[in-house]
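Examination of the molecular architecture
Each chain, letter by letter, is given below.
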Amino acid sequence: QVQLVESGGGLVQAGGSLTLSCAASGRISVINGMGWYRQAPGKQREFVAAVISGGTTNYADSVKGRVTISRDDAWTTVYLQMNSLKPEDTAVYYCTAHASERPYDYWGQGTQVTVSS
């Protein structure tokens, strides 16, 4: 099993920056990718960013150029640096990890990000 704990959420003004962290523990040796999703009130959960083995990253078009995902080599922590934040970035942000064995996907509990206009 893999446990994920997010931190770093909070209230920030539009145009500001925030860095989220996700600490992984447990069987981190099975992790081959980590990422972030978000869910705004009344909306479906959506993909934000991901990083896989080898360092390849992928971003949603809505955050491309404003967000950077990074991780440490041991897959113990993944970060989401967010700049030029907009009110529409307000959401609960969830960390996710993809593993090479069942149950394949793990989720954190989420951290709230609120961007005021």
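Here, the structure is the one placed above.
To start, this report covers the structure provided alongside it. Predicted model only: the values in this text are computed from it and were never measured. For every chain, the first residue of the written sequence is number 1, and numbering continues from 1 along that sequence. Only residues with pLDDT of 70 or above have their local features reported here, since the model is predicted, and side-chain atom pairs are shown and tallied only from 80 upward, although totals for entire chains, interfaces and linings are computed over all residues. Excluded from the side-chain calculation are hydrogens and water; included are all heavy atoms of the structure.

A short note on the overall build of the chain
Put simply, the test is: Strands are runs of DSSP state E lasting at least 2 residues, helices are runs of H or I lasting at least 4, and numbering of each runs from the N terminus. As a reference, a globule follows 2.2 Å times the number of residues to the power 0.38, and the radius of gyration itself is taken over C-alpha atoms. A 1.4 Å probe rolled over the protein chains alone gives each residue an accessible area, and that area as a share of the maximum for its type sets the label: buried under 20%, exposed over 50%, partly exposed in between. A contact between two residues is defined here by any heavy atoms of the two lying within 4.5 Å. Each accessible area value is a Shrake-Rupley result obtained with a 1.4 Å probe; residue values ignore everything except the protein chains displayed when judging cover.
Broken down by element type, the chain carries zero helices and eleven strands. For the chain, the α and β elements follow one another from N to C terminus as β-β-β-β-β-β-β-β-β-β-β. For the chain, whose C-alpha radius of gyration is 14 Å, the value lies close to the compact-globule estimate of 13 Å for 117 residues. Taking the principal axes of the C-alpha coordinates as reference, the chain spans close to 40 × 25 × 20 Å. Taken across its 117 residues, the chain has 41% of its residues classed as buried. Pairs at least 24 apart in sequence give 55% of the contacts found in the chain among residues at least 6 apart. For the chain, the accessible area works out to roughly 6100 Å², and carbon and sulfur atoms hold 47% of it.

Some thoughts on the pairing of strand β3 (residues 18-26)
Under the convention used in this document: A pair of strands is considered paired only if DSSP assigns at least 2 bridges between the two.
For strand β1 (residues 2-7) and β3, the ladder comprises six bridges, and the chain directions are antiparallel. The residue bridging Val2 from the neighbouring strand is Gly26, located in β3. Bridging between β3 and strand β8 (residues 77-82) involves six bridges; their strand directions are antiparallel. By the bridge assignment for β8, Leu18 is matched with Met82.

What to know about the sheet that holds strand β7 (residues 67-71)
Note the following rule: To define axes, lines are fitted to C-alpha atoms, for helices over the stretch in contact only, and angles between the resulting N-to-C directions are given on a 0 to 180 degree scale.
Pairing within the open sheet is antiparallel, and its four strands lie in the order β1-β3-β8-β7. Strand pairing shows two members of the sheet lacking a second neighbour, β1 and β7, which therefore form its edges. Each adjacent strand pair in this sheet contributes to an overall mean axis angle of 15 degrees, direction not counted.

Section: the packing of aromatic side chains
Note the cut-off: Any two rings among Phe, Tyr and Trp, with Trp reduced to its six-membered ring, count as a pair given centres within 6.5 Å; such a pair is stacked if its planes are under 30 degrees apart, edge-to-face if over 60, and tilted if neither.
Per the stated rule, a full pass over the model turns up two aromatic pairs. Aromatic side chains Tyr37 and Phe47 sit 5.6 Å apart centroid to centroid with 75 degrees between the ring planes, which places their arrangement in the edge-to-face category. Of this pair, Tyr37 sits in strand β4 (residues 31-39) while Phe47 sits in strand β5 (residues 46-52), placing them ten residues apart in sequence. Of the residues examined, Phe47 reaches a relative accessible area of 25% and is grouped as partly exposed.

Regarding the side chain of Thr96
The condition is simple: Counting of polar contacts relies on pairs of N or O atoms within 3.5 Å, with two restrictions inside protein: one atom must be capable of donating a hydrogen and the other of accepting it, and residues adjacent in sequence are counted only when both atoms are side-chain atoms.
Its place among the elements puts Thr96 in strand β9 (residues 91-99). Within polar-contact distance, the side chain of Thr96 engages the backbone oxygen of Tyr106 at 3.0 Å.

Side note on the pattern of salt bridges
Where side chains of opposite charge bring their charged atoms close, a pairing between them can arise. The test is simple: Any Lys or Arg side-chain nitrogen located within 4 Å of an Asp or Glu carboxyl oxygen qualifies as a salt bridge.
Taken as a whole and assessed by the stated rule, the structure comprises five salt bridges. Close ionic contact of Asp89 with Arg38 constitutes a salt bridge, the shortest N to O distance being 2.9 Å. Here Asp89, found in the loop between β8 and β9, pairs with Arg38, found in strand β4; they are 51 residues apart in sequence, far enough to count as distant. Residue Arg38 is classed as buried on the basis of its relative accessible area of 6%. Between Asp89 and Arg66 there is a salt bridge; the shortest N-O distance is 2.8 Å.

Comments concerning the pairing of β5
Inspection of the sheet shows β4 paired to β5 by six bridges, in the antiparallel sense. When the sheet's bridge partners are listed, Gly33 is paired in β5 with Ile52. The hairpin formed by β4 and β5 contains six residues between the paired strands, and Gly42 there has a positive phi angle of roughly 75 degrees. Hairpin connection between β5 and strand β6 (residues 57-59): a loop of four residues separates the two successive antiparallel strands, and Gly54 in this loop has a positive phi of roughly 100 degrees.

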